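Structural overview
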Amino acid sequence: MGKTAVVTAGTSGIGLETAVGLAAAGFSVTVVGRNAERGARAVERINAENPARQARFLPADLASLEEVRALADRIAADRAAAGEPLTVLVNNVGAMFPVRQAVDGIEASFVVNHLSPYLLTELLLPTLTAGAPSRIVNVTSGAVTVAKRVFDAVEPPGGYYGFHWYGRAKLANLAYTLHLAKRLDGTGVSVFAADPGGAATDMTNGTMTDPKIVSPALRLLWPLVRRTFARSTSGPASVAARPSITAATDDTLTGRTGTVIGAQARPVTPFRTAADTRVAEAVRRLSERHAPLTTT
């Protein structure tokens with residue numbers, strides 16, 4: 001039976017490079033994105049890498065939890081019809097916003113960076129279990145280290161600063177990832193986080209150039225910090241995709257779970273706060289409240 005993979009936000013940047021890498025490893029890849037033209041170009045490039053395993057594009061706006069639910073239903077139905085269970089899910093979607101935005105009344109950064117991949121993963125667990133041994137890869141970020149670590153509500157106390165709120169949502173998702181690994185231990189579904197490090201993407205070349213995305217305490221130093229970060233870690237998206245590809249395909253990770261694959265495509269120690277069971281429990285309650293698995 002063939003290997004199948006779904007990559008969210010897979011039509012450009014790190015997501016596309018991840019999809020190309022998975023195709024090279026023999027996977028039949030489905031990429032998810034909002035733009036059909038980008039989707040068509042992505043499929044063309046992926047198919048050039050592996051003509052024998054045709055790729056496809058599924059449209060979905062992952063900022064909408066309703067579209068996430070519809071996407072999960074479509075993927076599960078397609079896998080059942082094809083008789084090929086899902087073997088890899090890469091939650092690559094991520095976004096940073098310079099000003100506060102809301103989606104259906106919920107702050108957008110938390111929706112895109114945590115609730116969306118959380119909901120898609122939970123809804124696809126039966127499909128992934130059917131495809132075991134299978135893997136879930138959630139893309140994380142070094143921004144988790146500057147996040148407020150309180151999860152009583154979607155929005156932390158204090159003003160809105162896009163970089164910090166992005167980091168907080170990524171921290172929530174990393175805590176969820178590590179806890180999910182424990183939940184699924186023994187099921188054949190392995191769970192990994194992948195940190196791409198710095199990369200030349202639309203986010204780093206756009207939103208992250210605005211000093212207003214960080215708190216006043218960091219704002220004066222932000223241009224210097226960002227330039228230093230860019231010189232030391234940024235590379236092409238193809239390099240930043242290696243941790244995700246490694247997490248999804250590396251045979252040496254067989255039997256492991258709850259592992260973070262760092263920017264050098266090697267296992268690293270998880271950020272301590274993300275491994276705190278109290279944080280994981282607070283994130284679980286918040287996730288279930290705002291992205292319930294069933295709707296009435």
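This section reports on the structure supplied with the text. (Residues numbered from 1 in each chain as written. Predicted model: local features only at pLDDT ≥ 70, side-chain atom pairs only at ≥ 80, totals over all residues. Heavy atoms only, no water.)

1. Some details on the packing of aromatic side chains
Scanning the entire structure with this criterion turns up two aromatic pairs. Centre to centre, the rings of Tyr118 and Tyr176 are 5.1 Å apart; their planes meet at 80°, and the pair counts as edge-to-face. Of the two residues, Tyr118 is situated in helix α4 (residues 108-130) and Tyr176 in helix α5 (residues 162-184); the sequence distance between them amounts to 58 residues. Overall, Tyr118 belongs to the buried group, its relative accessible area being 6%. Accessibility expressed as a relative area gives 7% for Tyr176, which makes it buried. (Phe/Tyr/Trp six-rings, centres within 6.5 Å; stacked < 30°, edge-to-face > 60°. Helix = DSSP H or I, 4+ residues; strand = E, 2+ residues; numbered from the N terminus. Buried < 20%, exposed > 50% of the residue type's maximum accessible area, 1.4 Å probe, protein only.)

2. Points about the sheet that holds strand β7 (residues 134-139)
Hydrogen bonding along the main chain pairs the strands of a sheet, whether they run parallel or antiparallel. An order of β3-β2-β1-β4-β7-β8-β9-β10 is seen for the eight strands of this open sheet, with the pairing classed as mixed. Each of the sheet's edge strands pairs with one partner strand only, and the pair in question is β3 (56-59) and β10 (267-268). As paired elements, strand β2 (residues 27-33) and β3 share four bridges and run parallel to each other. Across the sheet, residue Thr30 finds its bridge partner in β3, namely Arg56. Each of β1 (3-8), β2 and β3 touches helix α3 (residues 65-82); the most contacted strand, β3, lies at about 145° to it. Taken strand by strand, α4 contacts β1, β4 (88-91), β7 and β8 (189-194), and its axis lies near 175° from that of β4. (Pairing = 2+ DSSP bridges. Contact = heavy atoms within 4.5 Å. Axes fitted to C-alpha atoms, helices over the stretch in contact; angles between N-to-C directions.)

3. Thoughts on α5
End to end, α5 covers 32 Å across 23 residues, agreeing with the expected 33 Å (1.5 Å per residue, within 8%). Of all 23 residues making up α5, 20 are buried, and the element is well covered by its neighbours. A positive phi of about 95° marks Gly186, the residue just after α5. (Expected span 1.5 Å × (residues − 1).)

4. A closer look at helix α1 (residues 13-24)
Given 3.6 residues per turn, any residue in an α-helix points the same way as the ones three and four places further on. Helix length check: α1 (twelve residues) gives 17 Å between terminal C-alpha atoms against 16 Å at 1.5 Å per residue, within 8%. Within α1, ten of the twelve residues are buried, which leaves it mostly tucked inside the rest of the structure. For α1, the secondary structure elements touched by its buried residues are β1, β2, α2 (36-49), β4, α9 (237-240) and α10 (242-249). Looking one or two residues past α1, Gly26 carries a phi angle of roughly 100°, positive in sign.

5. Quick look at the environment of Asn138
Tracing the backbone shows Asn138 in strand β7. The buried category is assigned to Asn138, whose relative accessible area is 2%. Apart from residues no more than four positions distant in its own chain, Asn138 is found in contact with Asn91, Thr121, Asn173, Tyr176, Thr177, Phe192, Ala193 and Ala194. Of the polar contacts made by the side chain of Asn138, one reaches the side chain of Thr177; its length is 2.8 Å. (Polar contact = N/O pair within 3.5 Å; in protein donor to acceptor, adjacent residues only side chain to side chain.)

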